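# An overview of the molecular structure
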Amino acid sequence: MGQHTLLDGAKDRTVTGETVADAKPKTIKNTKKLFIKTYGCQMNVYDTERMREVLAPVGYEPIDGPEGADMVVLNTCHIREKAAEKVYSELGRIRKLKEKKAKMGDGKMIVAVAGCVAQAEGEEIMRRAPIVDLVLGPQTYHKLPEMIAKISRSRGERLETSFDTQEKFDALPVARKPDGYTAFLTIQEGCDKFCTFCVVPYTRGAEFSRPVDQIVAEARSLVSQGVKEITLIGQNVNAYLGKAPKVEGDGEWGLGQLIRHLATMGGLERLRFTTSHPRDMDDELIAVIAEEPKLMPYLHLPLQAGSDRILRAMNRGHTFAHYRDVIARIRKARPEIALSSDFIVGFPGESELDFQCTLDAVREIGYGAAYSFKYSVRPGTSGAALPGQIDEDVKSERLARLQALLQEQQKAFNQSLIGRTLDILVEGTSRGQDGLFGRAPYLQGTHFKGDESLVGTIVKVKIEDAGLNSLSGTLVDG
Ligand code: 5AD
Ligand code: SF4
């Protein structure tokens, strides 16, 4: 599953393909200035953080915009056509800044394109955008310092799109530099499922799970620096099967076992995981959902479509009845759980009746949040060649109907929380006077009044108001 969740102002999770300008304002004299722009999913957010970390020892300090930067990295997303197109328009803007910098005698701006567009269209980027100095795929960013050194000596490869995920994780330091109290931790990458609409198996490669010891060491580093909540991420995170800790011998652990183990870590208060596939929800994981209080009661489990005919054409490998059964088991295990999903409308061959099955499925399951997209033809996927491609206006009309229903459910879910007292992880201050901002267990941003000293702690807030995306309430003592 390509989990494609975005960030908003602080650290938000919504849809995919949008832009997140994330950088830190600090600059130190005589250091080189780095601007990384992140598009797409949490995997890219994590990769951006890791790129910053590998570039810090060679003198790069993050800044909050491309102007005057010594290095600009676009960390790109290829999941839908629109996301991929953004790269070229952004490169047009960067070109002007690069020329301006050179004209002012202010040194060279190195421009790099990283991420999934780099992986899929590396050669084309170099051809179409001569200002690009480096193109590197998602499995190669640990080589950035070396590549920069090589291009400054005007020799060496400008294009690096090899696919050795293990080498990348072995090369990256386990020590992290977290930014805040919640962090992503990639535990699994790539996908072997080949849904017929999806580029992920081509851009991120085959499924790879990091060894448990490496994950634990990274989690420890995060927690020792104040992180309270870790979201374990992977394109197919519940297919995780990683080398068991050395002390346990030669076996492999699934996601359930990994979560149980991480939950014993002192100081780590909350765990989440995303994105999952309905075929990989095994009994152990469902038992952990039932039994582990540190695991938040919110699960993203994409259905994509409600019609069995379309699910088959998508190569999802399950029916709606299977999905319904998995959900029933999860809800029985943890009744307070909220669900979210991804949906695609207008997949080739989707009839009005098929689309009605998606609406029916949404009505039956009931979601706390969801992300929905018009099918976008992706080069290289088998869906691109299917007959019965749907007109753009039919897709738009179906998307509008689906989103109206999903928004209604999301609003109703948020309003159902009014009157309840929720644990909120305080992430920072909010715009209003003496306002604080945090995350509810169900991921909504939550606003309330309180003292700044509470930032980084988990507090109880009685919910009094709910909008489509956020909650607000009053701090409850104790
Ligand atoms: N067109 C539209 N949506 C897509 N997604 C993946 N590939 C495509 C595509 N070609 C959606 C799926 C997936 C989410 C991350 O993006 O719903 O779960
Ligand atoms: Fe997810 Fe299917 Fe894409 Fe794999 S191929 S990342 S399972 S949507």
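Residues numbered from 1 in each chain as written. Chains lettered and ligands numbered in written order. Predicted model: local features only at pLDDT ≥ 70, side-chain atom pairs only at ≥ 80, totals over all residues. Heavy atoms only, no water.

### Things to note about the overall build of the chain
Helix and strand counts for the chain come out as 13 helices and 22 strands. Here the chain has a C-alpha radius of gyration of 22 Å; the compact-globule value for 478 residues is 23 Å, and the two agree. C-alpha extents for the chain along the principal axes are approximately 65 × 60 × 55 Å. For the chain, the residues scored as buried account for 57% of the 478 residues in total. In the chain, of all internal contacts separated by at least 6 residues, the share reaching a separation of at least 24 is 72%. (Helix = DSSP H or I, 4+ residues; strand = E, 2+ residues; numbered from the N terminus. Rg over C-alpha atoms; globule rule 2.2 N^0.38 Å. Buried < 20%, exposed > 50% of the residue type's maximum accessible area, 1.4 Å probe, protein only. Contact = heavy atoms within 4.5 Å.)

### Observations regarding the sheet that holds strand β18 (residues 421-429)
The strands making up a sheet associate through hydrogen bonds between their backbones, and the pairing can be parallel or antiparallel. Spatial ordering of the closed barrel is given by β18-β19-β20-β22-β21, a layout of 5 strands whose pairing is mixed. Mean inter-strand twist for the sheet, computed between neighbouring axes without regard to direction, equals 50°. (Pairing = 2+ DSSP bridges. Axes fitted to C-alpha atoms, helices over the stretch in contact; angles between N-to-C directions.)

### Remarks on the pattern of salt bridges
Throughout the structure, instances matching the rule amount to 40 salt bridges. Note that Glu167 is salt-bridged to Lys143, the shortest N-O span being 3.8 Å. With Glu167 in helix α5 (residues 165-171) and Lys143 in the loop between β6 (134-136) and α4 (144-152), the pair connects residues that are 24 residues apart, well separated along the chain. Across the salt bridge formed by Glu207 and Lys193, the nearest N and O atoms sit 3.7 Å from each other. Of this pair, Glu207 sits in the loop between α6 (200-203) and β10 (208-209) while Lys193 sits in the loop between β9 (188-189) and α6, and the two are 14 residues apart along the sequence. On the basis of relative accessible area, Lys193 is assigned to the buried category, the value being 10%. In the salt-bridge network here, residues are joined through shared partners; they are Glu49, Arg50, Glu53, Arg176, Arg210 and Glu218. (Salt bridge = Lys/Arg side-chain N within 4 Å of Asp/Glu carboxyl O.)

### Focus: the state of the cysteines
In this structure the tally under the stated criterion is 0 disulfides. Not engaged in a disulfide, the cysteine Cys116 finds its nearest cysteine sulfur in Cys77; these two sulfurs lie 6.6 Å apart. On the basis of relative accessibility, which here comes to 9%, the residue Cys116 falls in the buried class. (Disulfide = S-S within 2.5 Å.)

### Some words on the confidence of the model for the chain
Per-residue confidence for the chain gives a mean pLDDT of 92, with 92% of residues at or over 70. Contacts from residues 1-28, a stretch scored under 50 in pLDDT, to residues over four places away or in other chains number 108 contacts. (pLDDT = per-residue confidence, 0-100.)

### Points about the sheet that holds strand β15 (residues 298-300)
Strand order in this open sheet of 3 strands is β15-β16-β17, and the pairing throughout is parallel. Here the strands that pair on one side only, and so sit at the sheet edges, are β15 and β17 (369-374). With strand direction ignored, the average angle separating the axes of adjacent strands in the sheet is 15°. Here strand β16 (residues 338-345) pairs with β17 via 6 bridges, running parallel. Each bridged residue has a counterpart across the sheet, and for Ile344 the counterpart in β17 is Phe373.

### Remarks on the side chain of Glu90
Position of Glu90 relative to the elements: it lies in helix α2 (residues 81-103). By relative accessible area, which is 5% here, Glu90 ends up buried. In this structure the side chain of Glu90 is engaged in a polar contact, spanning 3.3 Å, whose partner is the side chain of Lys37. Within the local environment of Glu90, its side chain forms a polar contact with the side chain of Arg93, the two groups lying 2.5 Å apart. Not counting residues up to four positions away in its chain, the partners in contact with Glu90 are Lys37, Tyr39 and Leu74. (Polar contact = N/O pair within 3.5 Å; in protein donor to acceptor, adjacent residues only side chain to side chain.)

### Re helix α7 (residues 212-224)
The terminal C-alpha atoms of α7 lie 18 Å apart, and with 13 residues this matches the ideal 18 Å at 1.5 Å per residue to within 8%. Three or more residues of α7 are buried, namely Val212, Gln214, Ile215, Val216, Glu218, Ala219, Ser221, Leu222 and Val223. (Expected span 1.5 Å × (residues − 1).)

### Side note on the pairing of β17
Burial analysis of β17 places 5 of its 6 residues in the buried class, the great majority of the element. In this region the chain leaves β16, passes through helix α12 (residues 352-365) and returns to the parallel neighbour β17; the handedness of that crossover is right-handed. (Right-handed = clockwise from strand over helix to strand, strands pointing away.)

### Brief notes about the packing of aromatic side chains
Any aromatic ring pair is given by two values, namely how distant the centres are and how the planes are angled relative to each other. The final tally for this structure, using the stated rule, is 6 aromatic pairs. Seen from their ring centres, Phe194 and Tyr202 are 5.6 Å apart, and the 75° between their planes marks the pair as edge-to-face. Since its relative accessible area comes to 36%, Phe194 is described here as partly exposed. For Tyr202, a relative accessible area of 40% puts it in the partly exposed group. Ring plane angle 70° and centroid distance 5.2 Å describe the contact between Phe347 and Tyr375, whose orientation is recorded as edge-to-face. Placement of the pair is Phe347 in the loop between β16 and α12 and Tyr375 in the loop between β17 and α13 (392-416), with a sequence separation of 28 residues. For Phe347, a relative accessible area of 0% puts it in the buried group. One cation-aromatic arrangement involves Arg80 over Phe373; the distance from NZ or CZ to the ring centre is 3.6 Å. Over the face of the ring belonging to Tyr88 we find Arg128, whose NZ or CZ atom lies 3.6 Å from the ring centre. (Phe/Tyr/Trp six-rings, centres within 6.5 Å; stacked < 30°, edge-to-face > 60°. Lys NZ or Arg CZ within 6 Å of the ring centre and 35° of its normal.)

### Considerations on helix α3 (residues 115-128)
Along α3, the largest kink reaches about 90° and is centred on Glu121. Tucked into the core, α3 has its buried residues touching β4 (71-76), α2, β5 (110-114), β6, β7 (159-160) and α6. (Bend = angle between axes of the 7 residues up to and from the residue.)

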